[in-house]
Amino acid sequence: MIIERADIIRVKNPFRFPFETAFTKFVERDALLVKLYSEDTAGYGECKAFFAPLYCPEDNGTALHIISKYLIPEILHKDISGPEEFIEKTSYIRGNNLAVAAVENALWEIKRKKENKSLKTLIGGVYDQVKVGVSLGIEPTIKDLLEKIEKYLGEGYHRTKIKIKPGWDYEVVKEVRKHYPDITLTIDANSAYTLKDIDLFKSFDEFNLKYIEQPLGENDIIDHSVLQKEIETPICLDESIESVEDARQAIELGSCKVINIKSSRCRGIVESIKIHDLCQDHGIPVWCGGMTELGIGRVQNISLASLPNFTLAHDIAASDRYFDKDITIPEVKISKDCTIAVPDETNGVDYEVDEEAIDRMMVERHI
Ligand code: OSB
Ligand code: MG
C-alpha cells in the first residue's frame, strides 16, 4: 500500500461527568487522530496519549512530535506491505508506544478496507461478542460512588472496577462490598502505592476481588512479584507491561496472574497479539484495557478483544459511558446482556467514522 497523505487532527470531546484516577481528574478527551490516505481508502488511528504525561511518559505534544517527525516520514509516499512492516521499520524508535500505535492502528484500518475483511478476521479473532465491565473513578463521597455503581449494574455491566488512591481505598472497598456482596469487583491503583503498603493489600484479600490492577510502580515487576507472593488476590498488571518481553519477565517472576492489554501502551496490535499468545501459553487470562478512548479506538479494542485468551470483562464501555456524542456511526452500544458485537464480514456490524462530528470537535489540524 502506498500512503499518499497523512493528517493529524486534534479533537476535544467533553466528558459527561469528570473521571478521576489516582493521577488526575479528566473532564474531556483531548486526543490526536491520525488519518492516512491510500488510493481510494483512508484509515484512522486514535492516539491514546493524554493532555499531560500522567499515565505514562508520553502526552499529546510528544506524540505529535514523534508521529510527524519520525513515523509519517517512514510511510509517506512509500510502498509498505502493512502494519507488521511498519512496526519493523520503526523499531529503532525507543519507547513512544502510544505514538507508534496510533499510526499502526491506522494502517490496520487501511489493510482491512483494502482486503475487504474485518480486523477480527485479519488477526484471528474467535468471539462474536465481547463482555464488558465498567471503570468507575474516584468520587467526592462513597455515596456518590454507590450511586454510580447502582447505575451501571442496572445497565448490566459484567464487572465493576473502582479506582483507588491513598485515602480512598480500604474503607471505600469495604463499603462497596457491604452493599454488593456478590458482584465481580476489581480495584485499580494506577501505581499509587509502594511495598510499604503491603498490609493494606493483604487486607483486601477479605473482599474477594477478582484482581487488583497495577498497585505498585508503573515500571516495576520486582516489587509486584514480592507483593503477589504475600497476597491471595491476583495482581493484574497494566502500566508495567509494554511489550512481550515485559510480559515474559513478569510471568517468570510471578509478578501477576492477569494482564490487561492496551494495544496503545504495547505499541500496537502486532505486539499485543504476541502478548496475548504468550499469556495464553502460560495460563494467564487477559482483558482489554481502556484509555477513555473515542469511538475509533473503542471499535478497534472490540476487535482485539475477540482473540481467544481475552476471557475477562473488558474496559470497553458504551460511548455514552463518557460522551454525549462520539465519533463513529453508529456509536458503540451495549446489548441487553451487556456484551458488544464484534464487527465481522458475516454479521453486518460495521462502524464508520463520523467526519462531521470530528470537524465539530477539531481544535487543530496538521497536514
Ligand atoms: O488504568 O485502566 C486504566 C483511564 C485512563 C487511564 C488509565 C486507565 C483508565 C481507566 C478507564 O481505567 C478505562 C476506560 O473506560 O476507558
Ligand atoms: Mg489500569
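These numbers were taken from a predicted model, which means no experiment stands behind them.

Undergrad: Please explain the packing of helix H1 (residues 60-75) against helix H3 (residues 97-114) as it appears in this structure.
TA: Helix packing geometry: the angle between the two helix axes and the distance between the axes. In contact at an axis separation of 9 Å, H1 and H3 are set at 60° when each is read in the N-to-C sense. By the angle class used here, H1 and H3 are oblique. The handedness of the crossing between H1 and H3 comes out as right-handed. Residues Ala63, Ile66, Ile67 and Leu71 of H1 lie in contact with H3, whose contacting residues are Leu98, Ala99, Val100, Ala102 and Val103. Considered class by class, the residues forming the contact of H1 with H3 number nine nonpolar, no polar and no charged.

Undergrad: What is the right way to read unusual backbone geometry from this model?
TA: If a residue is not glycine, its phi is most likely negative; likewise, a peptide bond is most likely trans. A cis amide bond links Ile329 to the next residue, Pro330, at an omega of -10°. With respect to the helices, strands and loops of the structure, Pro330 is situated in the loop between strand S12 (328-329) and strand S13 (339-341). One non-glycine residue, Asn208, adopts positive backbone phi at about 50°. Of note, Asn208 is situated in the loop between helix H7 (198-203) and strand S8 (212-213). With 13 C-beta atoms counted inside 10 Å, the residue Asn208 sits in the partly exposed group. One non-glycine residue, Thr292, adopts positive backbone phi at about 50°. Relative to the elements of secondary structure, Thr292 occurs in the loop between strand S11 (286-288) and helix H11 (295-304).

Undergrad: Explain the site of ligand 1 to me, please; I cannot follow it from the model alone.
TA: The immediate surroundings of ligand 1 are formed by Thr21, Tyr55, Ser135, Asp188, Asn190, Asp238, Gly289, Gly290, Met291, Thr292, Asp315 and Ala317. The residue makeup of the shell around ligand 1, split by class, is three nonpolar, six polar and three charged.

Undergrad: Can you walk me through the domain arrangement of the protein in this structure?
TA: In many reports, interface size means the accessible area that the parts give up when they come together. As far as domains go, the protein holds domain 1 (5-116 + 355-366) and domain 2 (121-353). Taking only C-alpha atoms into account, the centre of domain 1 sits 22 Å from that of domain 2. Among the elements of the structure, strand S1 (5-20), strand S2 (25-38), strand S3 (41-47), helix H2 (83-89), H3 and helix H12 (355-361) are those that each provide at least two residues to the side of domain 1 that touches domain 2. Ranked by residues supplied to the side of domain 1 that touches domain 2, first place goes to H3 with nine residues. Residues that form the side of domain 1 that touches domain 2 fall into these classes: 18 nonpolar, four polar and 10 charged.

Undergrad: Mind showing me how you'd approach the sheet that holds S2 here?
TA: The strands making up a sheet are joined through hydrogen bonds of the backbone, oriented either antiparallel or parallel. With respect to topology, four strands assemble into an open sheet ordered S3-S2-S1-S15, the strand pairing being antiparallel. Looking at which strands have only one partner, the edges of the open sheet turn out to be S3 and strand S15 (362-366). Taken pair by pair, the neighbouring strands of this sheet meet at an average axis angle of 25°, ignoring direction. Where S1 meets S2, 12 bridges bridge the pair, whose relative direction is antiparallel. Bridging from a neighbouring strand, Arg5 pairs with Tyr37 of S2. The sheet contacts of H3 involve S2 and S3, and relative to S3 the element is tilted by about 150°.

Undergrad: Can you help me understand the packing of helix H5 (residues 142-154) against helix H6 (residues 170-179) in this one?
TA: At a minimum axis separation of 11 Å, H5 and H6 run at an interaxial angle of 45°. The angle between H5 and H6 places the two elements in the oblique class. The two elements H5 and H6 cross, and the hand of that crossing is right-handed. The residues of H6 that touch H5, namely those facing Ile142, Leu145, Leu146 and Ile149, are Val172, Glu175, Val176 and His179. Partitioned by chemical class, the residues of the contact of H5 with H6 number six nonpolar, one polar and one charged.

Undergrad: When you look at the nonpolar core in this model, what are you seeing that I'm missing?
TA: Most often, soluble globular proteins keep nonpolar side chains buried together rather than apart. Membership of the largest hydrophobic core comes to 100 residues, with the highest contact counts inside it found for Val34, Ala102 and Ile259. Ranked by the residues each element gives to this core, the list is headed by H3, at 10 residues. Shared between two domains, this core holds at least three residues of each, these being domain 1 (5-116 + 355-366) and domain 2 (121-353).

Undergrad: Could you clarify how one ought to interpret the sheet that holds S8 in this entry?
TA: Spatial strand order, S5-S6-S7-S8-S9-S10-S11: seven strands in an open sheet with parallel pairing. Edge positions in the open sheet fall to strand S5 (134-136) and S11, since each of these has one partner strand only. Where strand S7 (residues 185-188) lies against S8, two bridges are found, and the strand directions are parallel. Bridge pairing links Asp188 to Glu213 in S8. The sheet strands contacting helix H10 (residues 269-281) are strand S10 (258-261) and S11, and the helix crosses S10 at an angle near 165°.

Undergrad: Can you walk me through the environment of Asp30 in this structure?
TA: In this fold, Asp30 is placed in strand S2. The class of Asp30 is partly exposed, set by 18 C-beta atoms lying within 10 Å. Spatially, the C-alpha atom of Asp30 lies 4.4 Å from that of Lys12, the residues being 18 residues apart in sequence. Leaving out residues up to four positions away in the same chain, Asp30 has contacts with Lys12, Phe51 and Asn60.

Cut-offs and rules
Residues numbered from 1 in each chain as written. Chains lettered and ligands numbered in written order. Predicted model: local features only at pLDDT ≥ 70, side-chain atom pairs only at ≥ 80, totals over all residues. Axes fitted to C-alpha atoms, helices over the stretch in contact; angles between N-to-C directions. Helix = DSSP H or I, 4+ residues; strand = E, 2+ residues; numbered from the N terminus. Parallel < 35°, antiparallel > 145°, perpendicular 65-115°, else oblique. Left-handed = near helix turned anticlockwise from the far one by under 90°. Contact = placed C-beta atoms within 7 Å. Nonpolar A, V, L, I, M, F, W, Y, C, P; charged D, E, K, R; others polar. Buried ≥ 20, exposed ≤ 12 C-beta atoms within 10 Å, placed from the backbone. Near = placed C-beta within 6 Å. Domains from an automatic or database assignment. Pairing = 2+ DSSP bridges. Core = buried A, V, L, I, M, F, W, Y, C linked by C-beta atoms within 7 Å.

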